[in-house]
Amino acid sequence: MVSFAFTAETGSGRSRVLDFLSVNNLGKNFGGIAALVQVEFGLEKGSIVGLIGPNGAGKSTLFNVITGFYKPDSGKVFFKGQDITGISPHKIARAGIARTFQLNRPFPNMTVSENLNTARVAKGTARTSRVSTEPLDLQSLGLADRQNTLAKFLSQGDLKRLEIGRALATKPELLLLDEPFGGSNPGELGAIVSLIEKLHRAGLTIFIIEHILTELMRLAERVIVMNNGTVIADGTPRTVVNDPEVITAYLGEGRFENA
Amino acid sequence: MDEVISAILVYGTLWGATYSLLALGLTLIYGVGKIVNLAHGAFIMLSAYFFYYFLVLGGVNYVASFLLAILCVIALAVLMYVLAIHPIRQSEMSVLTITFGLGLVFQYVILLTFGPLSKSVPYIFSGTMTFLGTTVETQFASVIIAFVISCALLSLFLSRFKVGKAVRAVAQDGEAAEAFGISTFRIYILTMGIAAALAGVASVLVAPTYALFPGMGWEPMVTVFAILIFGGLGSIKGTILASFILGYTRNAVSLVFSPAYGPVVALVVLIAVILVRPSGIFGRGV
Amino acid sequence: MLGDRYLLVILTIANLYAVLAMSWDILAGYAGQVSFGHAAFFGLGAYTSAFLYLHYIANPWLTMLLGGAAAVLLSLVIGGTCMRLRGVYLALLTMAVALVLGDMAVILSPITGGENGLPLTTVFASTMNAYYSSLVFMLVSLVTLIGISKSRMGLMFKAIREDEDAAKSLGIDTFRYKLAAFVVSAFFAGVAGAFYGHFIQIVVPSYFSLNVSFYAILMPVMGGIGTIMGAVLGAYILQLLEESVRGSAQYALLLEALIFVLILRFAPSGLLHIVRHGFVRFHSRNRVREV
């Protein structure tokens, strides 16, 4: 498999190899509407990258294409050198890419523990006969006291964290988070942020779509900005925030959310 | 050979008209409220039985029986909607399942009331007519008139009248319509009524040419669903087009092979369409 | 003596219906695939078994298993082609399949005996014998299906039922599991149909009827969907119902349909539980589209 290697200059002049995940010339149309137009970038292994842009920019669509829920009309996606374009979602998950959904999708009639265990059983790291969840996991997700609550009774913030936890239970190498901060109060937000930081230190590559920019800018070492289906900026948080095209894109849409 | 072709054309057209009347209401309900009504077959059956009841058992004249039968079926449809469907309408599958159950309830009530033996209804129009060399019973031919009138009325209603435009608005976007002050509840009831009326008209007109039995509604209804899915759920144009295509096809198969295969055609079409292109010809998407 | 025999007949039928109900439950209550045409499997199993028994194979147990196999083949065809279908379409499609098969049973009379069906000679030494066989069959099915429901496969079924896209994102091959659910379900329904045919000694087109498909749904609904045991309970409740209105089969049917509608309308759980998930899945498809 041909591996596309991007290199990029950082502020210190060192080049990085951005080939852990590489997205080449991706295009996706929905009945005449171009949701993705020649999207091209690469992610470095172990990095933590943000994906921002006004509503309708194509961020979630991009996630859906990467994770196989949509097939692109053009272009390719490579993960660790393997061509994963258009492969079915479960195979992509097994290859080591996990994701959360913008609108929470828990298993409503299963408890928190059961949700997490299903992920483990699916991965093969747990047997159904032993339904127990490591207390540490529940602790870091802030759900320890709700482990036997049915998911349909959880708050939005809890659900977000449950979904992150469930994605993590598949032991991924690349984690795609779709708006992980939404619906959380400041305390919960702090918990999620430290969880993400912990995962980053442990070496997980993380790609985050977010609208709550203050937190994201602190977390991410690099930010990609999309608008109208294409990448309009790609650099450090500071560079991106001062990019005139980015500012226009947001001001034009009128949304710049801060937590 | 010419006779066969002529027969296919003539009967196919009449069948197309019949199916259109049966299907239009259903596509309307779906387009407006996303309701899949599996009791529709029961309404087809009930209108015929109501007509039988009034005409044969009640001794009421044709016109009155006809009108009463349609009114009864409309009333029942509205009642069913209000009591059973509206409260659970958010879940498509719930509606599907409950209407399935209701279809059975109606079937069994009729079974108990009238017994399992088939009934027959006398002709409103007698005699035959000939088109293109093919002879059809006038009774059956009357369906085309009903079809044309219904299409004209429906199209007028949807484009000219305020209520009709409200129906279209709700079909587009129920929530937005509510925001504009349109009572979607009333629109749903209206649509259910129209659907029952159209199906009832077709059923009563065609009834004399058939034997009535309690379970008679299911097969036509599955044919109607085949048409709906083929033509695109919620699309009036698609439904009419699909009705005629199915009418001609079914007739061709019936005449060329055997009448027994008639119902099978529809079912096979349903299965094939669902598999190949669930959104149908003019469909809005799966 | 006569009374005892009658009781045995009812219990035998209850056992066979219990297997039909369980087969529907594992597919719909666990994997979330709602079938409105389970009679297709039931009838196909019955006709296959009867046909083989009449012409080729002397061992009824073997023909019953082959009846199950035939149903499995049908499920592979349906499942293999319909996996992408939304609940409503799947429901209509399964209903249509059962109706087509019912029509074919009448049309292909050289093979199927047409309206009159296929009469079968006794294979059971006595009614008591038949009853015990049915009991064993029901218990074996119960244990197997509960085993499946509690296994890894069962958990994957539930995940698919709860949210298929989320399940996919966890690496679950939903196609394979849905197909597996179909196959398992079809097998038990098919064998139950075959057994039923041998028991009442006649296989007729009404094996494919809407009524049978209705029962397959009604029993789990009454007893509690997604529990397997509930299906058995429902089967016995159904027989009880039928007995309580003995004298008019038609009243029984009406009563059953009314109970069904009332449960759906007012019961907090039961079918509403899985059909709401049908809705969640439908809604989810639209949600994934959001940019």
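The structure this text deals with has already been given above.
Small disclaimer: the values here were computed from a predicted structure and weren't measured. Starting from 1, residues in each chain are numbered consecutively following that chain's sequence as written. Just so you know, chain letters begin at A and ligand numbers begin at 1, following the order they were written in. Reporting in this predicted model follows two pLDDT cut-offs: at least 70 for local features of residues, and 80 or more for side-chain atom pairs to be given and counted; totals over whole chains, interfaces and linings ignore these cut-offs and use all residues. The side-chain numbers reported here are obtained from all heavy atoms of the structure, hydrogens and water having been left aside.

The helix and strand inventory of chain C stands at 13 helices and two strands. The C-alpha atoms of chain C give a radius of gyration of 19 Å, which matches the 19 Å a tight globule of 291 residues would have. Summary of the burial criterion: residues with accessible area below 20% of their type's maximum are buried, those above 50% are exposed, and those between are partly exposed, where the area comes from a 1.4 Å probe applied to protein chains only. The proportion of buried residues among the 291 residues of chain C is 64%. Note on contacts: a residue pair is in contact if any heavy atoms of the two residues lie within 4.5 Å. Intrachain contacts of chain C at a sequence separation of at least 6 include 78% that bridge at least 24 residues. Values of accessible area rely on a 1.4 Å probe in the Shrake-Rupley scheme; residue burial ignores everything except the protein chains shown. As displayed, chain C offers around 10500 Å² of accessible surface, 67% of which is attributable to carbon and sulfur atoms. The secondary structure listing takes helices from DSSP runs of H or I that are at least 4 residues long and strands from runs of E that are at least 2 residues long, numbered from the N terminus. As defined in this context, the radius of gyration uses C-alpha atoms, and a globule is described by 2.2 Å times the residue total to the power 0.38.

What follows is about the overall build of chain B. From N to C terminus, chain B includes eleven helices and two strands. The linear arrangement of helices and strands in chain B, starting from the amino end, is α-α-α-α-β-β-α-α-α-α-α-α-α. Relative to the compact-globule value of 19 Å for 286 residues, chain B shows a C-alpha radius of gyration of 18 Å, a close match. Based on the C-alpha atoms only, the size of chain B along its principal axes is roughly 55 × 45 × 35 Å. Every one of the 286 residues in chain B was classed for burial, and the buried ones make up 58%. Surface exposure of chain B reaches about 11400 Å², of which carbon and sulfur atoms provide 69%. Only four residue types enter the tally: Lys and Arg on the positive side, Asp and Glu on the negative side; His and the chain ends are excluded. By convention, the point assigned to a charge is CZ for Arg, NZ for Lys, CD for Glu and CG for Asp. Computing the positive centroid from 12 side-chain charges and the negative centroid from 8, chain B places the two 12 Å apart.

Across the two pairs of chains in contact, the largest number of contacts is found between chains B and C. The two units chain A and chain B are non-contacting; their minimal C-alpha-C-alpha distance is 11 Å.

Taken together, the contacts link 26 residues of chain C with 32 residues of chain A. Accessible area that two parts lose when put together, evaluated with a 1.4 Å probe and summed over both, is termed the buried area. Carbon and sulfur atoms supply 62% of the area that chain C and chain A bury against each other, a total of about 2600 Å² over both sides. Salt bridges are identified by distance alone: a Lys or Arg side-chain nitrogen within 4 Å of an Asp or Glu carboxyl oxygen. Counting every contact that joins chain C to chain A gives two salt bridges. Between R105(A) and D163(C) there is a salt bridge, and its shortest N-O distance comes to 2.8 Å. Counting of polar contacts relies on pairs of N or O atoms within 3.5 Å, with two restrictions inside protein: one atom must be capable of donating a hydrogen and the other of accepting it, and residues adjacent in sequence are counted only when both atoms are side-chain atoms. At the boundary of chain C and chain A, one finds seven residue pairs in polar contact (both at pLDDT 80 or more). The biggest single contributor to the side of chain C that touches chain A is helix 7 (residues 152-162) of chain C, with six residues.

A grouping of R94(A), K123(A), K171(A) and R152(C) is seen on the molecular surface, where their side chains present a positively charged patch. In this structure, R152(C) sits in helix 7. Look at R152(C) and you get partly exposed, because its relative accessible area is 31%. A patch consists of residues exposed above 30% relative accessible area that lack any salt bridge, with like charges linked at up to 9 Å and nonpolar side chains (Val, Leu, Ile, Met, Phe, Trp, Tyr) linked at up to 5 Å.

Each regular strand shows side chains that alternate between the opposite faces of the sheet. Residue and element names in this part refer to chain A. For strand 3 (residues 21-30), the buried fraction is high: seven of the ten residues fall into the buried class. A pair of strands counts as paired when DSSP detects no fewer than two bridges linking them. In the sheet, strand 3 pairs with strand 4 (residues 33-43) via seven bridges, with the strands oriented antiparallel. Counted as the bridge partner of L21 is L43 from strand 4. In sequence, strand 3 turns back onto strand 4 through a hairpin of two residues, with G31 there showing a positive phi of about 50°. One ladder, built from five bridges, connects strand 3 with strand 6 (residues 74-79); its direction is antiparallel. Looking at strand 6, one finds that G27 is bridged to S74.

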